[in-house]
Amino acid sequence: MKSELQAKWWQKPLAKSVGLHLALVLGLFISTLSFWPKPTEIMLSSEAGLSADAPPPPPPAPVEAVAIDKQALEQRVAEIKKQQDDTRKAEEKRIRDLERRAKEAENSRTAEEARLKRVAEEKRKADAAAQASRQAAAEAKKVQEAEAAKARAAEQQRLAKEQERKKAEEAAKAAEAKRKAEQAALAKAQAEREQKAREEREQAERERMIQEQLAAEAEARRRARSQQAVTEVQRYTAMISDAIDRNLIKDESTMRGRTCRVNIRLATNGFVTSVNVISGERVVCDAAVRAVNRAGTLPMSADPDVYNQLKDITLTVAPEFR
């Protein structure tokens, strides 16, 4: 590596600078040589074409001047050499510095390459880890989605079962309500049957009592027949009139002097089967109809002949006031 650097250092800007300085030093040296004193030429008489009688040459004063210039030149050359040595040393130092910096740069480059390799390796490992992480995340997501799908399916099944349970409970409640309603209806029907039976028994008891009363009245009428000079029909007619009068609600302000004719149909026991108004004042007629219905059963003779005369009887209701 060092040989390659030394072989190519001249191709760099620093090498060009060194070459330029050397060229300047060389030019300075050549210019210094131009000041070098030319040697004094001594012309012989024969060469100068002078005669023997010619005067002798001047004294050798210029020799001293030449010696002075040579001294200055030597001093100047020494200075130039020193400058060249200094320049060379400085250049060598700079070259050493350049080589050192180049080595440091090479070391830095090598370290940087190593660092880049480490970074690349770390990146490769990080990419591989990231890829593995993404793959693991994808697998985890698939598992999560599968679990979520299972959870949704389980939730749907749970909701379906819950709905079925609610429907079953509602059906059971409806069945229970229906059973209770049927029991209530049966209980009500039983109570109604019992009530009807009681009413029938009471009605039978009333009819029995009426029959007993009628029998007693008939006996009384029989005993009274011998005592009174009225016919049986007249007596029962009077009794029927009395019964209606007893149940008649009277209002003197509206009924005084007013009458009503009503037709009454009776059963063999005197039970009123119908009552109809024939004519008369309405206020009296309404009161008479209510009185007949209120009585319910009117006196009736056990004698079939008397009954035949009284079973369809028409009476005149005339309220009496004292």
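Just above, that's the structure.
Residues numbered from 1 in each chain as written. Predicted model: local features only at pLDDT ≥ 70, side-chain atom pairs only at ≥ 80, totals over all residues. Heavy atoms only, no water.

We now examine the overall build of the protein chain. Assigned secondary structure in the protein chain consists of eight helices and three strands. The order of helices and strands in the protein chain, counted from the N terminus, is α-α-α-α-α-α-β-β-α-α-β. Residues counted as buried form 16% of the 322 residues belonging to the protein chain. If you take every contact in the protein chain between residues at least 6 apart in sequence, the share linking residues at least 24 apart comes to 70%. For the protein chain, the exposed area adds up to about 24,300 Å²; of that, 56% sits on carbon and sulfur atoms. (Helix = DSSP H or I, 4+ residues; strand = E, 2+ residues; numbered from the N terminus. Buried < 20%, exposed > 50% of the residue type's maximum accessible area, 1.4 Å probe, protein only. Contact = heavy atoms within 4.5 Å. Areas by Shrake-Rupley, 256 points an atom, 1.4 Å probe, with all protein chains shown as cover.)

So, on to the environment of Lys250. Within the secondary structure layout, Lys250 lies in the loop between helix H5 (232–247) and helix H6 (252–255). According to the relative accessible area criterion, Lys250 is partly exposed, its value standing at 33%. Separated by 33 residues in sequence, Lys250 and Val283 place their C-alpha atoms 9.7 Å apart. Discounting residues that sit within four places of it in the chain, Lys250 has contacts with Asp245, Met255, Pro319, Glu320 and Phe321.

Before going further, it helps to spend a moment on H5. Between its terminal C-alpha atoms H5 stretches 23 Å, which fits the 22 Å expected from 16 residues at 1.5 Å a residue. Within the sequence span of H5, burial applies to Glu232, Val233, Arg235, Tyr236, Met239, Ile240, Ala243 and Ile244. (Expected span 1.5 Å × (residues − 1).)

Our next topic: the pairing of strand S3 (residues 312–317). It is a general feature of regular strands that their side chains alternate between the two faces of the sheet. Side-chain alternation along S3 places Ile313, Leu315 and Val317 on a buried face and Asp312, Thr314 and Thr316 on a face that remains uncovered. As paired elements, strand S1 (residues 260–266) and S3 share six bridges and run antiparallel to each other. Directly across from Cys260, in S3, lies its bridge partner Val317. (Pairing = 2+ DSSP bridges.)

The next point concerns the nonpolar core. Counting 30 residues, the largest nonpolar core has Ile244, Ile264 and Leu298 as the members making the most contacts within it. Secondary structure elements with two or more residues in this core: H5, S1, strand S2 (272–280), helix H7 (282–295), helix H8 (304–310) and S3. Sorting elements by how many residues they give to this core places H7 first, with seven residues. For Ile244, the residues in contact, after removing those within four places along its chain, are Ile264, Ala291, Val292, Leu298, Leu315 and Val317. (Core = buried A, V, L, I, M, F, W, Y, C linked by side-chain atoms within 4.5 Å.)

So, on to the pattern of salt bridges. With the rule as written, the count across this model stands at 24 salt bridges. Between Arg94 and Glu91 there is a salt bridge, with its nearest N and O atoms 2.8 Å apart. One end of the pair, Arg94, and the other, Glu91, are both in helix H4 (residues 61–227), three residues apart, so they sit about a helical turn from each other. Exposure remark for Glu91: the relative accessible area of 10% places this residue in the buried category. A salt bridge links Glu104 to Arg100; its shortest N-O distance comes to 3.0 Å. Taken together, the residues Glu104 and Arg100, both in helix H4 and four residues apart, mark about one turn of the helix. Residues joined in a network through salt bridges with shared partners are Lys93, Asp97, Arg100 and Glu104. (Salt bridge = Lys/Arg side-chain N within 4 Å of Asp/Glu carboxyl O.)

Let us now look at the state of the cysteines. Inspection of every chain in the model, using the stated rule, returns one disulfide. Here Cys260 engages in a disulfide with Cys285; their sulfurs sit 1.9 Å apart. On the sign convention where negative is left-handed, the bridge of Cys260 and Cys285, at about 110° about the S-S bond, is right-handed. Here Cys260, found in strand S1, pairs with Cys285, found in helix H7; they are 25 residues apart in sequence, far enough to count as distant. (Disulfide = S-S within 2.5 Å.)

The values are spatial; any link to function lies outside them.
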